[in-house]
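Each chain, written out:
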Amino acid sequence: MSTISRRSFVTGGASLAAGLAASAASVAALTGSALAGSDGEKVYSNARILLGTMPSEGATELRGGLRIVNGVIAEIGPGVTGGIDLGGATIWPGIWDAGSAIGLADIDLEGATRDDAETGDAFLPQMRVVDAFNPASEVLPVLRARGVMGALVVPSGGIVGGQAAWMRTSGSTVAAATVQEPAGVVIHLGRGGVGAGTATRMGVAARLRDALDANPPPKAPGEDEAPATGKKATSAKHKAPEAPAKPPTRSERVWHDLRSRKLRAIFEADRASDVLLACAIAAEYDLDAVIVGAAEGWMVADALKSANIPVIVGPVTVQPESFETMNARYDNAALLHAAGVRIGLRIGDPHRAYDLTTEAGIAVAWGLPREAAIAAISGNSPGFFGLSAGRLLVGQEASFVVCNGDPLEPRTSVQRVIVGGSEVPLANHQTELYERFKVLK
Amino acid sequence: MSLLIALLSLPLAAAHDLAIQHATVLTAAGPAIVDGTVIVHDGVIAAVGVGVPVPAGAEILDATGKFLIPGIIDPHSHMGDYSWPDGGGHGDGNEATEPFTPRVWAGDSVDLEDPAFALARAGGVTTIQVLPGSANLIGGRSVVLKLRPRRLLDQMIFAAAPAGIKMAIGENPKRVYGNATDDDQIQTRMGEFAALRAEFQAALDYREARKRASPPPRDLDLDVLLDVIDDKILVHLHCYETNDILGFYRIADQFGFHIQSLQHGLEAYKVRDVVKAHGTMLATFSDWWGFKLESWDAIPQNAVLATQAGIPVSIHSDSASFVQRLNLEAAKMIRYGWTEDDALKSVTLWPAMMLGVQARVGSIEVGKDADLVLYDKDPFSVYARVQRTWIDGELVYDRAEAQ
């Protein structure tokens with residue numbers, strides 16, 4: 001939908017700079033600050049730089065600096081000196097939380113601020129989170145100041161709950177905040193999908209298969225004389241093939257994109273059997289699948305590996321506290337990684353998205369290699385969606401976080417946040433309260 | 001009953017000596033001891049220091065490179081009362097039938113088979129206070145447990161702990177009773193305070209009536225409230241906003257009782273002078289916020305500002321998950337101005353004081369219970385893992401055996 005949607009993060013591309021300029025301008029509009037304005041050159045030096053990449057891609061960490069030209073990283077490494085001396089601080093891509101309600105939900109118990117859970121309809125593929133996303137949410141500046149750069153924003157409720165989007169925590173308009181829309185269609189398995197019209201897991205699976213069967217992928221041109229529409233494709237069920245074909249509805253178009261792998265299927269599943277069901281349905285219908293949650297994923301790591309489905313695990317600290325997660329354990333991410341499954345991490349609670357660093361650190365304590373943990377909360381998950389967000393590479397948007405130590409350690413503070421080459425002010429609701437009350441009057 | 005007493009008098013841990021050597025000992029009672037030794041005798045800390053002689057026959061544990069801290073204490077838990085897996089069958093934390101249920105006792109709901117207990121031990125937790133939930137203005141009495149793996153509740157109860165009671169003010173009671181159809185309806189904060197005043201006045205009236213020749217029958221609720229008024233029970237108050245904190249002090253001042261702790265108290269920083277003047281301690285979250293309107297003004301500096309005002313601050317969990325990582329929740333506060341020692345005390349000595357058990361636990365000092373946690377790294381590092389947990393000298397978690 002947005003002029004800067006996917007393009008701003010796709011490697012290379014002529015539209016990159018234009019997208020970034022829009023992004024920087026939106027930050028300026030949001031903050032009223034003169035800081036935004038990414039023209040020209042800017043250098044940050046004397047830093048430890050974590051790239052947000054996986055070890056298989058080469059070095060994951062460099063020392064030196066970053067040179068930014070027009071909001072894009074022009075050079076990284078020991079050769080970059082001068083500019084702003086960071087005094088040995090750490091530069092890293094910041095948090096990209098892959099499965100959150102940020103921008104949709106501000107206060108959990110205030111219904112008027114909750115737009116994350118649609119109810120009453122098991123199938124709403126045409127629903128889009130960008131229609132509810134609030135770029136003026138006061139939650140976003142709090143998250144941003146603590147290093148959260150963006151999130152895969154997902155709706156909850158229903159079996160097919162609508163279309164997710166990758167959104168930034170900065171940007172004064174929905175368009176400016178949008179990184180990728182739609183990012184995929186969210187499908188809830190397990191008890192999360194039970195609701196309108198179903199009472200059991202098997203009911204959810206049956207209705208999901210029914211819906212997938214009713215919306216086969218459109219035929220390629222020439223394959224069929226008639227336009228490829230859902231009505232036509234399902235005409236075996238409905239008599240009157242001679243009737244002029246109606247244009248497909250919005251929801252039919254989404255189904256078609258899903259069935260023809262133009263749109264990802266984002267399965268939410270935690271119990272091992274639900275994770276396997278996601279793998280099975282993805283295989284039966286040739287879906288481009290990502291699995292989110294996977295609290296018991298370690299139990300079916302081999303199946304996930306052979307299905308080659310990326311898994312966004314989380315939270316790392318999910319407990320064996322519900323009937324969905326009876327076999328949850330801290331080393332879930334480590335075991336999946338060791339089995340060769342591509343993983344990212346998510347935290348789930350939008351207010352605590354900043355704690356994804358702690359979650360990643362805990363995964364390290366329980367066996368996940370540290371470089372893999374850094375990548376799992378920055379570059380990996382956007383990468384599953386074809387995005388380069390969360391990785392610091394030459395030619396990419398210069399968006400990163402500066403902190404005074406290991407970003408995964410709880411004692412570490414965020415010092416600067418840079419989006420599209422421009423520093424974003426860190427003031428927010430909480431810092432304003434602190435300033436007001438740090439001395440009692 | 002005699003059988004129970006016999007069971008309780010059995011030595012629960014084999015009487016033996018343990019020497020933990022070469023550890024960095026963070027005592028919560030003074031500076032860190034590098035290359036320290038801690039001697040445990042019959043479940044009690046017998047010696048602490050550098051180069052302390054080891055008794056003959058003692059089991060020796062070489063803790064070179066490791067960190068020893070006092071057992072972690074969580075003053076706000078619902079473990080056992082909301083046993084895992086969660087669900088209606090395990091929902092035993094809120095007797096939400098009427099706004100005043102001081103007669104109920106959280107110990108009666110505790111499910112000894114709650115798997116969360118073992119995971120808490122693996123997180124270095126040795127003592128917890130199980131509180132009733134916050135649906136009611138006065139929810140009932142708490143129980144303080146030592147997390148010994150036991151089959152009988154009496155063997156887990158921390159017998160030295162004084163009685164405590166949970167009170168609550170603000171959104172939760174009015175949400176629960178705002179739609180009540182009977183006399184229990186409460187729709188506003190002023191309604192909550194009016195109900196509290198009436199209830200405490202009823203207790204005073206009851207006390208007078210009980211002195212008459214023909215006294216009214218015993219009222220178990222009002223008996224407990226008279227103990228509150230007489231400061232025989234520690235009052236732990238669930239609250240968030242300043243108006244709730246200040247309003248409850250008006251009630252406490254009017255009826256002459258002490259508030260031992262604010263539980264959550266996310267806006268305590270705004271009225272920390274008042275909290276300090278009342279001698280109230282604070283148990284709060286690290287940086288949780290936004291889960292309800294009354295948590296919207298939470299700031300991560302709450303604990304730090306309260307500490308600067310001279311209030312002993314605990315970091316509590318209110319969660320059977322976060323209790324396993326209270327060391328990391330406390331570590332986050334270092335970022336906002338706490339020292340390592342503040343962080344350590346916030347999960348050991350200060351909660352011990354809040355529960356009235358500081359003479360027995362909360363620091364590594366001679367004569368205290370040998371409730372200890374050994375980490376492989378600095379306990380405020382996210383990469384640290386608990387290696388062993390002891391309660392009264394008994395090894396209750398051993399990472400080597402858990403794997």
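Remember, it's a predicted structure, so these values are computed and weren't measured experimentally. (Residues numbered from 1 in each chain as written. Chains lettered and ligands numbered in written order. Predicted model: local features only at pLDDT ≥ 70, side-chain atom pairs only at ≥ 80, totals over all residues. Heavy atoms only, no water.)

**Some thoughts on the overall build of chain B**
Heads up, the rule is: Labels follow the DSSP assignment, with helices taken as runs of H or I lasting at least four residues and strands as runs of E lasting at least two, numbered in each case from the N terminus. The size measure is the radius of gyration over C-alpha atoms, and the globule rule it meets is 2.2 Å times the number of residues to the 0.38 power. Using a 1.4 Å probe on the protein chains alone, a residue whose accessible area is under 20% of its type maximum counts as buried, one over 50% counts as exposed, and one in between counts as partly exposed. Between two residues, a contact is recorded if the distance between any of their heavy atoms is within 4.5 Å.
When its secondary structure is counted, chain B shows twelve helices and 17 strands. Over its C-alpha trace chain B gives a radius of gyration of 22 Å, about what one expects of a compact globule, namely 22 Å for 403 residues. Projected onto its principal axes, the C-alpha coordinates of chain B cover approximately 65 × 55 × 40 Å. Taken across its 403 residues, chain B has 62% of its residues classed as buried. Within chain B, contacts between residues separated by at least 24 positions form 68% of all contacts whose residues are at least 6 apart in sequence.

**A look at the confidence of the model for chain B**
Residue and element names in this part refer to chain B. Selection criterion: Each residue carries a pLDDT score, the predictor's confidence in it, ranging from 0 to 100.
Averaged over every residue, the pLDDT of chain B is 95; the share at 70 or more is 96%. Ranking the helices and strands of chain B by mean pLDDT puts strand β5 (residues 67-70) first, with 99, and helix α1 (residues 2-9) last, with 46. In the predicted structure, residues 1-14 sits below a pLDDT of 50 and forms eight contacts with residues beyond four places in sequence or in another chain.

**Let's talk about the interface of chain B and chain A**
Note the threshold: Joining two parts hides part of their accessible area as seen by a 1.4 Å probe, and the buried area is that hidden amount summed over both. Within this document, salt bridges are pairs made up of a side-chain nitrogen of Lys or Arg and a carboxyl oxygen of Asp or Glu, the two lying within 4 Å of each other. Any N or O atom pair separated by 3.5 Å or less is treated as a polar contact, with the protein-specific requirement of one donor-capable and one acceptor-capable atom, and with residues adjacent in sequence counted only for side-chain atom pairs. Gly counts as polar in this scheme, as do all residues outside two lists: the nonpolar Ala, Val, Leu, Ile, Met, Phe, Trp, Tyr, Cys and Pro, and the charged Asp, Glu, Lys and Arg.
Listed per partner, the contact involves 42 residues of chain B and 43 residues of chain A. Taken together, the two surfaces of chain B and chain A that pack against each other cover about 3900 Å², and 58% of this comes from carbon and sulfur. Counting the surface chain B buries against chain A, the share from its top three residues, B:Trp289, B:Trp296 and B:Tyr383, is 20%. Linking chain B to chain A there are four salt bridges. Note that A:Asp355 and B:Lys332 form a salt bridge whose closest N and O atoms lie 2.7 Å from each other. Across the contact surface, chain B and chain A share 27 residue pairs in polar contact (both at pLDDT 80 or more). For the side of chain B that touches chain A, the secondary structure elements donating two or more residues are α7 (272-277) and α9 (326-334) of chain B. Of the residues forming the side of chain B that touches chain A, the biggest block, five residues, is contributed by α9(B). Broken down by class, the residue content of the side of chain B that touches chain A amounts to 22 nonpolar, five polar and 15 charged.

**Some details on the nonpolar core**
For soluble globular proteins, the rule of thumb is that nonpolar side chains tend to be buried together. Quick note on the threshold: Among the buried residues, those of types Ala, Val, Leu, Ile, Met, Phe, Trp, Tyr and Cys that are joined through side-chain atoms within 4.5 Å form a nonpolar core.
Core analysis: the largest hydrophobic core is formed by 119 residues, its most contacted members being A:Leu208, A:Phe267, A:Ile291 and A:Phe385. For this core, the element with the highest residue contribution is helix α7 (residues 272-284) of chain A, accounting for seven residues. Counting 83 residues, the second largest nonpolar core, distinct from the first, contains B:Ile169, B:Leu222, B:Leu225 and B:Val304.

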